[in-house]
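Chain by chain, the residues run as shown.
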Amino acid sequence: MLFVLGGTGRMIAQRGGPGVDALIGTTRYDPGLRFRTISTARFDIYFHQREEALARRLAGLVEAVAADVDARLGAPHGRVHVILVDQTDQSNGWATVFPYNLIELAAVPPESQSTIGNTRDWLRTVFAHEYTHVVHLEKTRGWIGGLRHVFGRLPVLQPNVFLPQWQVEGIATYEEGIAAAGGRVPAGDFRMILDSAAAEHRFAPLDRAGGGVVDWPSGNAPYVYGAYFHDYLARRYGPESLARLAEQTAGTLPYFGSRAFRTVFGRSLGALWKDFEEDTTSRVSVERDPVHATRLTRHGFFVAGPSFSPGGHLYYSVVNPHGFPAVMELPLGPGARPRQVASRYLGDRLSATRDVLVFDQQEIVHHADLQSDLYVVPLDGGATRRITKEARAADPDIAPDGHTLVCTVQMTGLRALAMLQMPADGAFAAALPFISEESTDFSAPRWSPDGRFIAAERRRLGGPSEIVVIDVTTRDVRTLTSSARGRNVGPLWLPDGLTILFSSDREGGPFRIYGADVATGRVRRLLGTGPAQFPTLSPEGHQLVFVGYSADGYDLYSLPFDAPEWSTPLAGVAPDERAVGDADATGGSAGPPSGKPYRPWSTLAPRYWSPVVESRRDDTLVGASTSGFDALGRHAYVVTGTWAVPRDRANWEADYAYSRWWPTFFAGASDTLDDWRSGDVHTRELRAGALLPVRRVRWRTTALAALQASRDEFDCPSCEPAVRGTASIAAMQLGWNLSSAKSFGYSISAEQGGSVGVTTELRRGRAGSDATAGAATADVRGYVRALPRHGVLAVRTAAATTWGDPGIRRVFEAGGSGPQGGGFAFGSGAVGLLRGFGTADLYGFHAAVLNIDYRFPLAWPQRGFGTVPVMLRNVHGALFTDAGSAWDESFRRADVRRAFGAELSSDTVLGDVLALTVTGGAAWRVDPSGRRGGWTAFARAGRAF
């Protein structure tokens, strides 16, 4: 959800929406995508080449799903704009109601074993979720609804936007299952997160159920607790009570929605949450057979894809808030500790020979796409290399010959199986599809021991999840097992080639391990594991390793497999039944077959205005501000205008960005009257430029080129002496920065990598300036991990210099207590950071600083105050030493000021999503001039650097 606080131009991203990118001009979509539009009665659907069939299917279901949701929650106002885009391999979506109703759907189905994988029609499920957001967040009533008729879609007049994140995501997650006959609420693996917390007395209180908590289940918490709390309310008070609640909160002041619970349910929110916890605890399922598995790791959070190499080494992937995602090796034996083999961004499965490990991970391509490719890392410790390029390949498995790989390839509307040969060093292999079916997704292909067959999961649109066996020679596909309910995932051949293990939640609980006889399809459940996914078997066949679950998250577990215990045979192959409500899952079309070319104008018109009132000495400025962007984020603007009373003079400012292509272009103009000394200054300014970002998962760089022209008219008759005159500036500004700095969930600052940034500004008399001058800055930072865990040694050095006519040269400050956030800075405070000294204590045509921090965590309370939208995430400290100087003519070492001291900081989360760091500190100042020595205290918002 994105909205702008009117008048200030300050932007805040919320609720998984497009973020500030929509208004600062970062390219949101691949510039090569050519969008068209299909319209239905209430929806405009934007799609691009290769998506025609999928867009027509979406157009055929949106009205039916919307009518279903509307019948329970009410209909939104105005048209709904839906973007269908196929540029990422992450299944996702977002919705916003500002400045109009807008939804984005990634045209990629989730893998079945994921927590969002319980669906027979992923497009219907994700649309139902995001459309519920639109219906819910767009509501207004009462006096707030009356004000909205005056001001339009001003964010503060949409109270449901400010509800706790568990409430916003909870109702959407609850509704996705009702509207799409599936979803997360009935899924056993999703329910397991809540049940395990209740069983281990770790049920989240209200203040930890929303955003801001790093501890497991972290970002899943609002969805898990919110969905099942709504489910509890619907079961106890009736489904219609949820609609009454949504209406009631839509008429309350932002952040005061908790009062609506007593009105609707007759009980306070706190009492209802306690009832919910007691109900959950009483319903926790009891294991139906003893658990004999041994826990091998204690990473928690996400562990996936364990696989043995032929030599008996165990590899797996881990994602948690302590570091960058990685591929790990776990030596088996007493006291063994995991070691990192390679970093890995996303992706689950991997496959190993005796010499190499093959895995998939995702990378940013084409400036906006996040897509998967295959990589190889030698097991002797060599560098990781990429073996496919922009193939969207995942789930690799190496054949017994050691050279042939099978994998999946994401295509528009389907996921195919592909094969490739291991390429030579420095070369890329082509992943050639060999099994693909319309509206069908294959996952997790695995070779048989003799290399003649491949087992994989198959999901046909509207049909059950199946484990299939494919004859590599004939390409015949045979269904081995399926089930009328639940998912069947992660097949694994036993060494004899007669049985395939797989995971399934077919019995209504979490995933467990089953075995299917390859010849007969007979299915039995493996006993003694507890919740289990991703089974893998040691080369000698004596040890089964799988991913299990506890209240910490996912970890590796093992079970002896010499004499496995099995349940009695279960049903094998189930009929290809469609889920209830999926009758139209494969069809439906609307509008002309190819639609019409995308036009941005209908979504660019202003949809709100925000009043602006400012006081300046003898004047009061009264006016309005508005902003907007088109559906695809190609155009964005912010306009503010005010009238000064009693001076009767207009002030205005307008900014615009165009970000369809790479780079982004921007322009702006302003005409303002400001205070200056005891008079005023009238400034007219024009600015334009281009921003050229290059983003990768592990680093990012940006180049800036801008032109600025301004004319200042000074009028200060009461000044001594009186001032009346003009000053003109015409400048070119250039900047470049590169950052590999990384921080993680439990980080108190960046703790790995670093950054470098440089800027220059050139003012030329021949171009319109009163004189000629220039300036340059440089800023270099580095971060190294230190003790204790998540401690950091942070070092920064920065310098600035100017040249040319002294009358228009910039003056730089070396003092100030921060923050220095980075980015492009051309003003007087571009480099200054000398804690305890004021910004006016050290200034000159040249400045330089050195900052050294040792930062360390103190506590992670991660607690709030009931329903108050404030959470104290952590408390951390720092010991620092700063040195700096500013001078006009020549640097003198004797003039260097120094500061030594300590800081105490807290990271706070406001409104579930807005992170704020508050710092207080004390510094001992060493000032050779004698003006600013001794102890002093300081405070700031934000990190020092």
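Since this is a predicted model, take the numbers as computed values, not measurements.

About the criteria used
Residues numbered from 1 in each chain as written. Predicted model: local features only at pLDDT ≥ 70, side-chain atom pairs only at ≥ 80, totals over all residues. Heavy atoms only, no water. Helix = DSSP H or I, 4+ residues; strand = E, 2+ residues; numbered from the N terminus. Rg over C-alpha atoms; globule rule 2.2 N^0.38 Å. Buried < 20%, exposed > 50% of the residue type's maximum accessible area, 1.4 Å probe, protein only. Contact = heavy atoms within 4.5 Å. Lys, Arg positive; Asp, Glu negative; His and termini not counted. Charge placed at Lys NZ, Arg CZ, Asp CG, Glu CD. Axes fitted to C-alpha atoms, helices over the stretch in contact; angles between N-to-C directions. Parallel < 35°, antiparallel > 145°, perpendicular 65-115°, else oblique. 1 Å grid on protein atoms, 1.4 Å probe; cavity = no way out; pocket = protein on both sides within 12 Å on 5 of 7 lines; lining within 4 Å. Points joined across faces, edges and corners; volume = space filled by probe spheres on them. Nonpolar A, V, L, I, M, F, W, Y, C, P; charged D, E, K, R; others polar. Phe/Tyr/Trp six-rings, centres within 6.5 Å; stacked < 30°, edge-to-face > 60°. Lys NZ or Arg CZ within 6 Å of the ring centre and 35° of its normal. Expected span 1.5 Å × (residues − 1). Arc of directions from axis to C-beta. Pairing = 2+ DSSP bridges. Salt bridge = Lys/Arg side-chain N within 4 Å of Asp/Glu carboxyl O. pLDDT = per-residue confidence, 0-100. Patch = residues over 30% accessible without salt bridge, like charges linked within 9 Å, V, L, I, M, F, W, Y side chains within 5 Å. Areas by Shrake-Rupley, 256 points an atom, 1.4 Å probe, with all protein chains shown as cover. Core = buried A, V, L, I, M, F, W, Y, C linked by side-chain atoms within 4.5 Å. Left-handed = near helix turned anticlockwise from the far one by under 90°.

Chemist: Talk me through the overall build of the protein chain; I want residue IDs and the actual numbers.
Modeler: Counting secondary structure elements, the protein chain contains 12 helices and 51 strands. Rg of the C-alpha trace for the protein chain: 30 Å, near the compact-globule value of 30 Å for 945 residues, within the 12% margin. Once the C-alpha set of the protein chain is aligned to its principal axes, its extents read approximately 100 × 60 × 55 Å. Within the protein chain, the proportion of its 945 residues that are buried is 57%. Once local pairs closer than 6 in sequence are excluded, the contacts in the protein chain between residues at least 24 apart make up 58%. If you average the places of the 98 positive and of the 98 negative side-chain charges in the protein chain, the two averages end up 2 Å apart.

Chemist: Tell me what's going on with the packing of helix α8 (residues 221–237) against helix α11 (residues 269–283), and back it up with residues and numbers.
Modeler: Between α8 and α11, whose axes approach to 10 Å, the crossing angle comes to 90°. Taken together, the axes of α8 and α11 are roughly perpendicular relative to one another. Mapping the contact onto sequence places Tyr225, Tyr228, Phe229, Tyr232, Leu233, Arg235, Arg236 and Tyr237 in α8 and Leu269, Leu272, Trp273, Asp275, Phe276, Asp279 and Arg283 in α11.

Chemist: Which residues make up empty space enclosed by the protein, and what values go with them?
Modeler: Any space left empty among the atoms is revealed by the rolling of a water-sized probe across them. Taken as a whole and assessed by the stated rule, the structure comprises 10 cavities of 30 Å³ or more. Each pocket or cavity is described by its volume, and for the largest cavity that value is around 310 Å³. If you go around the largest cavity, you meet 25 residues; those closest to its centre are Pro164, Thr867, Val868, Pro869 and Asp912. If you list the elements that add at least two residues to the lining of the largest cavity, you get α5 (165–180), α7 (206–209), β47 (863–865) and β48 (868–887). Examining the composition of the lining of the largest cavity, we find that 4 residues originate from one element, β48, more than from any other. Partitioning the lining of the largest cavity into residue classes produces 13 nonpolar, 9 polar and 3 charged. Considered as a void within the structure, the second largest cavity measures approximately 160 Å³ in volume. Around the second largest cavity, the lining comprises 14 residues; the ones closest to its centre are Arg120, Trp122, Ser439, Asp441 and Leu461.

Chemist: Before we move on, can you summarise the packing of aromatic side chains with the specific residues and values?
Modeler: Under the counting rule described, the total for this entry stands at 42 aromatic pairs. When the ring centre of Phe190 is taken as reference, the NZ or CZ atom of Arg184 above it lies at 6.0 Å. Positioned above the aromatic ring of Tyr228, the side-chain terminus of Arg191 is 4.6 Å from the ring centre.

Chemist: So what's going on with the side chain of Ser905? Residues and values would help.
Modeler: Examined against the element boundaries, Ser905 turns out to sit in strand β49 (residues 897–910). Filtering out sequence-adjacent residues up to four positions away, Ser905 remains in contact with Asn874, Val875, His876, Thr917, Val918 and Thr919.

Chemist: Please give an account of helix α9 (residues 240–249) that cites residues and values.
Modeler: Among all positions of α9, only Ser241, Leu242, Ala243, Leu245, Ala246 and Thr249 are buried. Tucked into the core, α9 has its buried residues touching α2 (52–73), α3 (122–137), α5, α8 and α10 (259–265).

Chemist: Run through α11, naming residues and quoting values.
Modeler: Here α11 spans 21 Å end to end across 15 residues, near enough to the 21 Å set by a 1.5 Å rise per residue. Those residues of α11 that sit buried are Leu269, Leu272, Trp273, Asp275, Phe276, Asp279 and Thr280. Each buried residue of α11 lies within a common arc of 160° when the element is viewed along its axis, so the set occupies one face. Against the buried residues of α11 lie α5, α6 (188–199), α7, α8 and α10.

Chemist: Describe the pairing of strand β11 (residues 326–330), with residues and values.
Modeler: Counted residue by residue, β11 has 5 buried out of 5 residues, so it is predominantly covered. Inspection of the sheet shows strand β10 (residues 314–319) paired to β11 by 5 bridges, in the antiparallel sense. Its bridge partner being in β11, Leu314 is matched across the sheet by Leu330. In this structure, the hairpin formed by β10 and β11 is closed by a connection of 6 residues. Pairing geometry for β11 and strand β12 (residues 339–343), over 4 bridges, is antiparallel. The residue of β12 that forms the bridge with Ala326 is Ser343.

Chemist: Help me get a handle on the pairing of strand β17 (residues 393–398), residues and values and all.
Modeler: Looking down a regular strand, the side chains alternate between one sheet face and the other. By the criterion of burial, β17 is predominantly enclosed, with 6 of the 6 residues buried. As judged from the 4 bridges shared by β17 and strand β18 (residues 404–411), these two strands associate in the antiparallel manner. Within the sheet, the bridge partner assigned to Ala394 lies in β18 and is Thr408.

Chemist: How would you explain the pattern of salt bridges if you had to name every residue and give the values?
Modeler: Within this structure, the stated rule accounts for 66 salt bridges. The partner of Arg283 in a salt bridge is Asp279, and the shortest N-O contact between them spans 3.8 Å. Within this pair, Arg283 and its partner Asp279 are both found in helix α11, separated by 4 residues, close to a single helical turn. On the basis of relative accessible area, Asp279 is assigned to the buried category, the value being 19%. Of the charged contacts, one joins Asp853 and Arg855 as a salt bridge, the two residues approaching to 3.2 Å between their closest N and O atoms. Both residues of the pair, Asp853 and Arg855, belong to the buried class. Here the salt bridges share partners, and the residues they tie into one network are Arg835, Asp853, Arg855, Asp882, Glu903 and Arg940.

Chemist: Give me the lowdown on the sheet that holds strand β32 (residues 596–597), citing residues and values where you can.
Modeler: With mixed pairing, 6 strands are arranged side by side in an open sheet as β6-β7-β5-β4-β3-β32. Only two strands of the sheet have a single partner each, and these edge strands are β6 (93–96) and β32. As judged from the 4 bridges shared by strand β4 (residues 43–48) and strand β5 (residues 80–85), these two strands associate in the parallel manner. When the sheet's bridge partners are listed, Asp44 is paired in β5 with His81. Contacting β3 (35–39), β4, β5 and β7 (101–106), α2 crosses the sheet at an angle of about 160° to β4. Across the sheet, α3 lies against β4, β5, β6 and β7, angled at about 155° from β7, the strand it touches most.

Chemist: Pulling in residues and values, what's your account of the confidence of the model for the protein chain?
Modeler: When pLDDT is averaged along the protein chain, the result is 92, and 94% of the positions lie at 70 or above. A low-confidence stretch, residues 1–24 (pLDDT under 50), is modelled with 80 contacts involving residues beyond four sequence positions or located in other chains. Within the model, the stretch residues 574–591 combines pLDDT values under 50 with 47 contacts to residues more than four positions away or in other chains.

Chemist: Which residues make up the sheet that holds strand β13 (residues 350–352), and what are the values?
Modeler: Taken in spatial order, the 4 strands of this open sheet run β13-β14-β15-β16, and their pairing is antiparallel. Unpaired on one side and paired on the other, β13 and β16 (385–386) mark the two borders of the sheet. The sheet contact formed by strand β14 (residues 356–365) and strand β15 (residues 369–378) spans 10 bridges and is antiparallel. Each bridged residue has a counterpart across the sheet, and for Ile364 the counterpart in β15 is Leu370.

Chemist: I'd like to hear about a nonpolar patch on the surface, residue by residue, with values.
Modeler: Side chains of Trp143, Leu147, Leu253, Tyr255 and Phe256 sit close together on the surface and give an oily, nonpolar patch of about 490 Å² of accessible area. In this fold, Trp143 is placed in helix α4 (residues 142–151). For Trp143, a relative accessible area of 52% puts it in the exposed group.

Chemist: Any chance you could break down the environment of Arg485 for me, citing the residues and the numbers?
Modeler: Within the secondary structure, Arg485 sits in the loop between β24 (477–482) and β25 (488–493). Distance in space between the C-alpha atoms of Arg485 and Gly508 is 7.9 Å, their sequence separation being 23 residues. When residues no more than four places from it in sequence are discounted, the contact partners of Arg485 are Arg120, Arg506 and Gly508.

Chemist: Tell me what's going on with the nonpolar core, and back it up with residues and numbers.
Modeler: One finds Trp166, Tyr225, Phe229, Leu233, Phe261, Trp273 and Phe276 to be the most contacted residues of the largest nonpolar core, which totals 52 residues. Sorting elements by how many residues they give to this core places α8 first, with 9 residues. One finds Phe43, Ala55, Ala66 and Ile103 within the second-largest nonpolar core, a separate group that totals 38 residues.

Chemist: Could you give me a rundown of the environment of Leu734, with the residues and numbers involved?
Modeler: Note on placement: Leu734 falls in strand β40 (residues 723–739). Owing to a relative accessible area of 32%, Leu734 belongs among the partly exposed residues under this scheme. Among residues more than four places away in sequence, those in contact with Leu734 are Leu704, Ala705, Val758, Thr759, Thr760 and Phe826.

Chemist: Explain the packing of α5 against α8 to me, and be specific about the residues and the numbers.
Modeler: Put simply, α5 and α8 touch, their axes get as near as 7 Å, and they point 65° apart. The pairing of α5 with α8 is recorded here as roughly perpendicular in orientation. The two elements α5 and α8 meet at a crossing, and its hand is right-handed. In contact with Gln165, Trp166, Gln167, Glu169, Gly170, Ile171, Thr173 and Tyr174 of α5, α8 contributes Pro222, Tyr223, Gly226, Ala227, Phe229, His230, Asp231 and Ala234. Grouping the constituent residues of the contact of α5 with α8 by class yields 8 nonpolar, 6 polar and 2 charged.

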